[in-house]
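Results of the structural survey
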Amino acid sequence: MTSNWDALFSALPPEELDKVALLRMIECTNGVIQHQFRDGSDDALSVEETRAAMKFSMGCIKNMIIPLGDELISFAPATAELVGKLRDLYVSGVKNGNQIAMAEFFIASEANLRAVGMERIEAAKRLIFYHIYELPPHTLDWGIDYIRGFVGANR
């Protein structure tokens, strides 16, 4: 099952990596929001805010379109296919408990984030801050912190 994820994600053009950075910031921020809510954290958002974040995030992931201000960000077919493979591994591994798929997901996800890089992730955070209101601004730090913890702050 193992693919050369580093080569696959590193081969994406810079403009596609910019888009992937947006998507990863959205999905990682949403993931932390969901965990905070399910765990009953003191920092958890309200039910309504949590639902709005999840609906927005899942819409972006499933449709591969990100509404950003007056613009709709869409992905090249090759990028959408590659990100779709990553999503399939997540669903199979994390959601459905397939241990082999889960291990592959973590390898692929880290390769994806390394190819995107923290500079793009930070730029994506700024764009989301100014253009996407379904993710409360302070939660974007949760997404950044998760990503840093996942790939390390110096990569």
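The following refers to the structure shown.

So, how was this worked out
- Residue numbers here run from 1 along each chain, matching the order of that chain's written sequence.
- Given that this is a predicted model, residues contribute local features only at a pLDDT of at least 70 and side-chain atom pairs are listed and counted only at 80 or more, while totals for whole chains, interfaces and linings are drawn from all residues.
- Hydrogens and water are ignored here; the side-chain numbers use all heavy atoms of the structure.
- Ring geometry is summarised as follows: Phe, Tyr and Trp rings, the Trp one being its six-membered ring, pair when their centres sit within 6.5 Å, and such pairs are stacked at plane angles under 30 degrees, edge-to-face over 60 and tilted between the two.
- A run of H or I in DSSP becomes a helix once it reaches four residues, and a run of E becomes a strand once it reaches two; helices and strands are each numbered from the N terminus.
- Working definition: with a 1.4 Å probe on protein chains only, accessible area under 20% of the residue-type maximum means buried, over 50% means exposed, and in between means partly exposed.
- A contact between two residues is defined here by any heavy atoms of the two lying within 4.5 Å.
- Side-chain atoms within 4.5 Å link the members of a nonpolar core, which is a set of buried Ala, Val, Leu, Ile, Met, Phe, Trp, Tyr and Cys residues.
- Orientation is described by axes fitted as lines to C-alpha atoms, over the contacting stretch for helices, and by angles from 0 to 180 degrees between their N-to-C directions.
- Each angle gets one of four labels, with under 35 degrees taken as roughly parallel, over 145 as roughly antiparallel, 65 to 115 as roughly perpendicular, and the rest as oblique.
- Take the far helix as your reference; a near helix turned counterclockwise from it by less than a right angle gives a left-handed crossing, and one turned clockwise gives a right-handed crossing.
- Each residue receives one of three labels: charged for Asp, Glu, Lys and Arg, nonpolar for Ala, Val, Leu, Ile, Met, Phe, Trp, Tyr, Cys and Pro, and polar for the others, Gly being one of them.
- What a helix should span is 1.5 Å times the count of its residues minus one.
- By convention in these notes, a salt bridge is any Lys or Arg side-chain nitrogen within 4 Å of a carboxyl oxygen on Asp or Glu.

Section: the packing of aromatic side chains
Tallied over the entire structure, the rule returns 6 aromatic pairs. When the centroid spacing of 6.0 Å and the interplanar angle of 25° are considered together, the rings of W5 and F9 count as stacked. Here F9 and W5 lie together in helix α1 (residues 5-10), a separation of 4 residues that amounts to about one turn. Among the aromatic residues, ring-to-ring pairing joins Y90, F105, F106, Y146 and F150 into one connected group.

Some details on the environment of L86
Note on placement: L86 falls in helix α4 (residues 77-95). For L86, a relative accessible area of 4% gives the class buried. For the pair L86 and N112, spaced 26 residues apart in the sequence, the C-alpha separation amounts to 8.9 Å. Sequence-distant contacts of L86, defined by excluding residues within four places in its chain, comprise F9, R24, F105, A108, S109 and N112.

Concerning unusual backbone geometry
The phi torsion at M64 lies on the positive side, around 55°, for a residue other than glycine. Structurally, M64 can be placed in the loop between α3 (47-63) and β1 (65-68).

So, the nonpolar core
Judged by nonpolar contacts, the single largest core of 45 residues is most densely connected at I66 and I121. Every element with two or more residues in this core is listed here: α1, α2 (14-38), α3, β1, α4, α5 (99-116), α6 (118-131) and α7 (137-151). With 10 residues, α2 is the largest single contributor of residues to this core.

Digging into the packing of α5 against α7
Packing of α5 against α7 leaves a shortest axis separation of 10 Å and a crossing angle of 110°. Viewed along their axes, α5 and α7 adopt a mutual orientation that is roughly perpendicular. Regarding α5 and α7, the two cross each other, and that crossing is left-handed. Listed contacts from α7 to F106, S109, E110 and L113 of α5 are I147, F150 and V151. For the contact of α5 with α7, a count of residues per class yields 5 nonpolar, 1 polar and 1 charged.

Focus: the side chain of T139
When you line up the elements, T139 lands in helix α7. With a relative accessible area of 0%, T139 lands in the buried category. Apart from residues lying up to four places away in sequence, T139 is in contact with T29, I33 and L45.

Some thoughts on α7
The end-to-end C-alpha distance of α7, which contains 15 residues, comes to 22 Å, matching closely the 21 Å that a straight helix rising 1.5 Å per residue would cover. For α7, the complete set of buried residues consists of T139, L140, W142, G143, I144, I147 and V151. Of the surrounding secondary structure, the elements contacted by the buried residues of α7 are α2, α5 and α6.

Overview of the pattern of salt bridges
Enumeration according to the criterion identifies 8 salt bridges in this entry. Ionic pairing is found between D18 and R120, a salt bridge with its closest N-O pair at 2.7 Å. With D18 in helix α2 and R120 in helix α6, this pair connects stretches of sequence that are 102 residues apart. On the accessibility criterion, R120 (23% relative accessible area) is partly exposed. One network of salt bridges, in which partners are shared, links D6, E110 and R114.

These results come straight from atomic positions and should not be treated as a statement about function.
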